[in-house]
Amino acid sequence: MRKCIVAVSFVVFCSTIVAQAASAGSGAVAPNVVQAQVSNGPGAAFQFTKVDDALLADANAIDADYEKKGLVLHDPGLQAYIDAVGKRVLGDRPVPEKVTYRFLVLRDPMVNAFALWNGSVYIPTGLLALLENEAQLAGVLGHETAHVYERHPYLENRSLRKKVVASKIIEAAASSVPGGHVLAAASAVAASDVSTLLLQESVYGYRREKESQADGDGLAAMTVAGYDPHARAATFELYDKYSTLEYEPPFTLFNDHPKVAERREQALAFANAYTPRDARTGTTQDYLAAVLIPIAPAIVSDTNTDIENRRPRTAVVRATRLVNAFPVDPQYQLLLGNSYRALGAETALPTKEELTSNGKAQQRKEVLNMSEQKEQEALLKTPEGQATLKENQAKAEKAFLAANQIDPQYALPYRELGFLYEDELRYSDAAANYQQYLQLVAPNNLDRLRIKRRLAQCLSHQTGRAHP
Amino acid sequence: MKLRRQIFLAFAIALFVCASASTTFASVLQTNSSYAQRKVSSGKFPIHSACMMPPEGHLAKIILKSMGFRDVQEIPQESKTWSDDIEAMVESHLKARGINVTSATNPLSSGASADAIKEVIAQVQLKLKAVSALMYKKPGAIAKSAYTLGDQVGMLPCSENSDILVFVQGGGQVFPIGGPDDAAELFVTMADVKTGEILDLIELYPGGNFPSSAEVYFGPDLDVELASKNVGSIPRKTRKSGQ
């Protein structure tokens with residue numbers, strides 16, 4: 001029954017857009033029509049209860065917890081930029097009762113923004129690093145603020161409280177949370193189970209009708225603010241590409257959550273109907289200057305986390321972004337080299353076979369059942385795997401050598417070259433680089449001991465005798 | 001249509017009951033287990049010295065609320081005290097088996113600053129966390145050398161004079177009034193301090209009431225596990241005969 005309602009709503013939504021587009025002419029401006037679609041939410045019709053007030057206190061506790069744990073990134077320049085975009089998207093709409101809109105950058109690798117019901121909108125560094133321009137950021141903020149305007153968390157809370165079974169959902173949800181994500185931090189918050197579940201919904205998505213409503217409201221809000229809504233469709237394309245890079249345990253509380261491709265189609269239909277002639281997107285250069293410079297250290301940290309957590313493809317994507325933006329910084333060349341080395345025999349992008357349902361099942365099996373070493377061993381049994389390894393090693397070497405060339409006194413690329421050459425059984429080259437590294441690092445550097453051990457091993461391989 | 005709904009509801013209820021029951025039984029029936037590489041138990045990898053990583057103990061207070069909802073409250077002060085307690089307990093049992101114990105935070109002769117050592121410790125702990133996700137699920141693969149922390153563990157000053165790195169991780173839940181639902185578990189992971197290879201994992205689930213003393217709760221079981229693998233310089237037979 002619900003499927004029928006959703007299908008009918010979708011058809012009505014699309015036909016309305018098509019009809020309006022036809023009447024307005026393709027690409028024509030229809031400001032009044034779009035303005036009318038910007039929702040202010042239920043407004044005074046939403047009356048706070050004791051339960052809602054308790055939930056509000058939980059949101060404030062989550063804010064305080066993130067702040068205390070140093071998860072919120074404070075950079076005046078970046079904050080001013082994000083605040084300006086957020087303010088433009090909010091426009092002159094009245095702020096709902098007990099809401100203070102705050103746009104905050106969260107040090108977290110995930111690519112989902114989320115909003116708490118008190119108006120705190122969190123934009124993770126992982127998402128900021130993926131976006132390409134200001135309009136895409138505006139689209140994200142439009143969607144998240146719409147959830148707050150529409151009071152989705154409060155309404156969801158009231159609905160959940162009626163279901164005892166919710167406590168079981170929480171247990172299931174908690175067990176499938178992937179490591180390194182913000183929920184690990186959120187789980188430590190001394191909030192009620194229901195608000196923890198709500199936080200998970202905020203991050204991973206609400207029910208279909210609420211997500212669709214926020215998509216519609218967000219698109220209208222960004223368009224009224226003067227941004228090109230095509231950017232929202234482009235953001236969904238980015239999400240889609242990103243989501244196929246690695247296997248992630250599927251996490252959604254609702255199986256009717258709209259699919260990215262479907263949301264992209266809706267955004268495109270909206271954009272084709274309503275994009276104003278003078279709509280702005282903002283250049284990638286401007287976006288990079290405003291956003292990427294302040295968050296670069298966080299992206300480095302995220303990339304290293306990816307490498308440690310068997311997400312080398314994501315690491316390559318993030319490091320490539322940094323290298324393209326700052327080609328003469330040896331630190332980012334080093335990061336790119338490390339990312340390619342971590343790939344081993346795995347391709348940098350998923351193969352066609354991996355994108356099939358069988359391929360996805362295989363990938364799932366490998367991640368869930370095989371350790372990193374065993375997975376690499378399995379890949380290396382095929383000629384393709386061996387060829388990919390050589391290709392990735394060549395790319396890693398190129399990046400390390402580039403770092404060396406930019407700054408010959410920078411010690412770390414020598415060490416990483418040593419590791420790489422050891423992998424390739426080039427013991428003489430490895431030993432030379434280890435020696436270079438040991439010359440450059442401080443006498444009390446903790447790494448000396450293990451590199452000396454590795455050096456001794458390389459020398460013993462060369463001479464065929466154990467080296468002291 | 002109505003019949004299909006009834007069948008679905010019956011199926012859902014049955015599934016819910018089974019899931020609840022299996023969760024309850026699983027927590028009751030969890031037994032101690034340990035997984036080691038053959039080279040450890042055979043004595044090919046003799047363990048005479050250990051480097052102890054800072055313990056990670058986490059206690060949570062469970063408060064029952066109406067309609068089956070539960071609040072989970074952090075109790076950081078109690079967690080800290082308990083962490084120290086489980087670390088001291090593991091350390092004393094290793095020493096009792098003739099193993100020299102050093103702390104990973106000890107700079108020894110490296111001349112490294114405390115901050116630099118802390119940074120390495122944090123890296124190693126993160127790596128263990130990354131490896132643990134699969135290791136706890138498939139601990140049997142430890143015997144096939146499937147897991148490693150990488151040779152970054154060799155950056156710890158204690159790696160110069162130790163054979164193994166020891167991680168002590170505990171978790172427990174306590175109810176305000178106490179009772180049979182109180183429970184705690186202890187994981188002791190041992191890794192080769194030069195290569196980072198995971199050598200041994202001991203999982204203890206003693207069950208029963210959760211007393212304040214880690215020695216009383218975990219001590220006897222830990223002793224059995226360490227003795228069964230010949231860890232340390234005291235031979236298995238000697239331990240068994242109680243000498």
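Trainee: Just checking my understanding: could you explain the overall build of chain B for this structure?
Mentor: The secondary structure content of chain B amounts to six helices and eight strands. Secondary structure elements of chain B occur, N-terminal to C-terminal, as α-β-α-β-β-β-α-β-α-β-β-β-α-α. Burial analysis of chain B (243 residues in total) assigns 33% to the buried set. Within chain B, contacts between residues at least 6 apart in sequence are counted, and of these 71% link residues at least 24 apart.

Trainee: It is not clear to me how the overall build of chain A should be interpreted in this structure. Could you clarify?
Mentor: When you go through chain A residue by residue, the secondary structure sums to 22 helices and four strands. Counting every position in chain A, which comprises 468 residues, the buried fraction comes to 41%. Within chain A, residue pairs in contact and separated by at least 24 positions form 73% of the contacts whose partners lie at least 6 positions apart.

Trainee: Just to check I follow, could you spell out unusual backbone geometry for this structure?
Mentor: Note: most residues except glycine have negative phi, and most peptide bonds are trans. Residue and element names in this part refer to chain A. Positive phi values are uncommon outside glycine, yet Lys98 reaches one of about 60°. In this structure, Lys98 sits in the loop between α4 (76–90) and β2 (102–106). Backbone geometry places Arg310, a non-glycine residue, at a positive phi of 60°. With respect to the helices, strands and loops of the structure, Arg310 is situated in the loop between α14 (284–308) and α15 (312–325).

Trainee: Hey, could you run me through the packing of helix α21 (residues 427–440) of chain A against helix α22 (residues 448–463) of chain A in this one?
Mentor: All names here are of chain A. Remark: α21 packs on α22, axes separated minimally by 9 Å, with the N-to-C direction vectors making an angle of 150°. Between α21 and α22, the crossing angle belongs to the class labelled roughly antiparallel. You can see that α21 and α22 cross each other, and the crossing is left-handed. Contact residues: Tyr427, Ser428, Ala430, Ala431, Tyr434, Gln435, Tyr437 and Leu438 in α21; Arg448, Ile451, Arg454, Leu455, Cys458, Leu459, His461 and Gln462 in α22. When its residues are assigned to classes, the contact of α21 with α22 shows ten nonpolar, four polar and two charged.

Trainee: What is the right way to look at the confidence of the model for chain A in this model?
Mentor: As a note on interpretation, predicted positions should not be read in detail where pLDDT is low. Residues and elements named next belong to chain A. Across chain A, pLDDT averages 83, with 80% of residues at or above 70. Ignoring residues within four places in sequence, the model shows residues 8–14, a span with pLDDT below 50, making one contact including any to other chains. In this model residues 16–29 is a low-confidence stretch, pLDDT under 50, and it forms 15 contacts with partners more than four residues away in sequence or in other chains.

Trainee: Can you walk me through the domain arrangement of chain A in this structure?
Mentor: Reports of interface size often rely on the accessible area that becomes lost once the parts have come together. All names here are of chain A. Assigned domains of chain A: these are domain 1 (2–274) and domain 2 (284–410). Contributing elements (two or more residues each) for the side of domain 1 that touches domain 2: α4 and α5 (125–130). With four residues, the single largest contributor to the side of domain 1 that touches domain 2 is α5. Classifying every residue of the side of domain 1 that touches domain 2 by side-chain character gives nine nonpolar, seven polar and five charged.

Trainee: Any chance you could explain the nonpolar core here in plain terms?
Mentor: If you look at soluble globular proteins, the nonpolar side chains tend to sit buried side by side. Ile123, Ala138 and Ile295 of chain A are the most contacted members of the largest nonpolar core, which totals 95 residues. Sort the elements by how many residues they give to this core and α14 of chain A lands first, with nine residues. Looking at this core, you find at least three residues from each of domain 1 (2–274) and domain 2 (284–410) of chain A. With 55 residues, the next largest nonpolar core counts Cys51, Ile99, Leu156 and Val231 of chain B among its residues.

Trainee: Is there a simple way to think about α14 of chain A in this case?
Mentor: For an α-helix, the turn length of 3.6 residues means that residues three or four places apart are oriented alike. All names here are of chain A. A rise of 1.5 Å per residue sets the reference length of α14, with its 25 residues, at 36 Å; its end C-alpha atoms lie only 30 Å apart and thus fall more than 12% short of the reference. Along its length, α14 reaches its greatest deviation from straightness, about 60°, at Ala296, and the proline Pro297 lies no more than four positions downstream. Backbone geometry just downstream of α14 places Arg310 in the positive-phi region, at approximately 60°.

Trainee: What exactly am I supposed to notice about helix α3 (residues 76–96) of chain B here?
Mentor: Residues and elements named next belong to chain B. Compared with an ideal rise of 1.5 Å per residue, which puts 21 residues at 30 Å, α3 spans 30 Å between its outermost C-alpha atoms and is within 8% of the ideal. Residues of α3 that are buried include every one of Trp82, Ser83, Ile86, Glu87, Met89, Val90, His93 and Leu94, and no others. Looking straight down α3, one finds its buried side chains confined to an arc of 160°; they lie on one side. Packed against the buried residues of α3 are β2 (49–52), β3 (56–64), β5 (100–103), β6 (164–174), β7 (183–192) and α5 (214–228). Once α3 ends, the next one or two residues include Gly98, with phi positive near 80°.

Trainee: Teacher, can you tell me more about the sheet that holds β2 of chain A here?
Mentor: In a beta sheet, neighbouring strands are held together by backbone hydrogen bonds and run either parallel or antiparallel to one another. Residues and elements named next belong to chain A. Read across the open sheet, the four strands follow the order β1-β2-β4-β3; overall the sheet is mixed. Since the sheet does not close on itself, it has two edges, and those belong to β1 (72–73) and β3 (114–115), each with one partner. By the bridge criterion, two bridges tie β1 to β2 in an arrangement that is antiparallel. Within β2, the residue paired with Leu73 across the bridge is Val105.

Trainee: Would you take a moment to explain the packing of α14 of chain A against helix α16 (residues 330–343) of chain A for this structure?
Mentor: To characterise two packed helices, one gives the angle between the axes of the helices and the distance between these axes. All names here are of chain A. Following both chains from N to C, one finds α14 and α16 inclined at 15°, their axes separated by 10 Å at the closest point. As summarised for this structure, α14 and α16 are arranged roughly parallel, according to the angle between their axes. The element α14 and its partner α16 pack so that their crossing is left-handed. Contact with α14, carried on its side by Val300, Thr303 and Ile307, involves Leu335, Asn338, Ser339 and Ala342 of α16 and no other residues of that element.

Trainee: What am I meant to see in the environment of Ala345 of chain A here?
Mentor: Residues and elements named next belong to chain A. As for its placement among the helices and strands, Ala345 is situated in the loop between α16 and α17 (357–369). Between the C-alpha atoms of Ala345 and Glu211, which are 134 residues apart in sequence, the distance is 39 Å. Discounting residues that sit within four places of it in the chain, Ala345 has contacts with Gln376, Leu379, Leu380, Gly385, Gln386, Thr388 and Leu389.

Trainee: Would you explain the pairing of β2 of chain B in this entry?
Mentor: The side chains of a regular strand alternate, residue by residue, between the two faces of the sheet. All names here are of chain B. Relative to β5, β2 runs parallel, the two sharing four bridges. If you follow Met52 over to β5, its bridge partner there is Ser103. Here β2 runs beside β6; their pairing, made up of three bridges, is parallel. The residue bridging Met52 from the neighbouring strand is Val166, located in β6.

Trainee: Even after reading the chapter, I still don't get the environment of Asp71 of chain B, so can you show me in this structure?
Mentor: Relative to the elements of secondary structure, Asp71 of chain B occurs in strand β4 (residues 70–74). Taking the C-alpha atoms as reference, Asp71 of chain B lies 8.1 Å from Lys61 of chain B; in sequence the two are ten residues apart.

Trainee: Explain the confidence of the model for chain B to me, please; I cannot follow it from the model alone.
Mentor: Residue and element names in this part refer to chain B. Overall, the prediction assigns chain B a mean pLDDT of 81, with 77% of residues at 70 or greater. Between residues 19–28, whose pLDDT stays under 50, and residues either more than four places distant or in other chains, the model counts one contact. Low pLDDT, under 50, characterises residues 237–243; the stretch is placed with four contacts to residues that sit more than four places away or in other chains. The ipTM assigned to the predicted complex is 0.73, against a pTM of 0.78.

Trainee: What should I look at first to understand the environment of Gln285 of chain A in this one?
Mentor: Position of Gln285 of chain A relative to the elements: it lies in helix α14. Classification of Gln285 of chain A by C-beta neighbours within 10 Å gives exposed; the count is 10.

Conventions we followed
Residues numbered from 1 in each chain as written. Chains lettered and ligands numbered in written order. Predicted model: local features only at pLDDT ≥ 70, side-chain atom pairs only at ≥ 80, totals over all residues. Helix = DSSP H or I, 4+ residues; strand = E, 2+ residues; numbered from the N terminus. Buried ≥ 20, exposed ≤ 12 C-beta atoms within 10 Å, placed from the backbone. Contact = placed C-beta atoms within 7 Å. Axes fitted to C-alpha atoms, helices over the stretch in contact; angles between N-to-C directions. Parallel < 35°, antiparallel > 145°, perpendicular 65-115°, else oblique. Left-handed = near helix turned anticlockwise from the far one by under 90°. Nonpolar A, V, L, I, M, F, W, Y, C, P; charged D, E, K, R; others polar. pLDDT = per-residue confidence, 0-100. Domains from an automatic or database assignment. Core = buried A, V, L, I, M, F, W, Y, C linked by C-beta atoms within 7 Å. Expected span 1.5 Å × (residues − 1). Bend = angle between axes of the 7 residues up to and from the residue. Arc of directions from axis to C-beta. Pairing = 2+ DSSP bridges.

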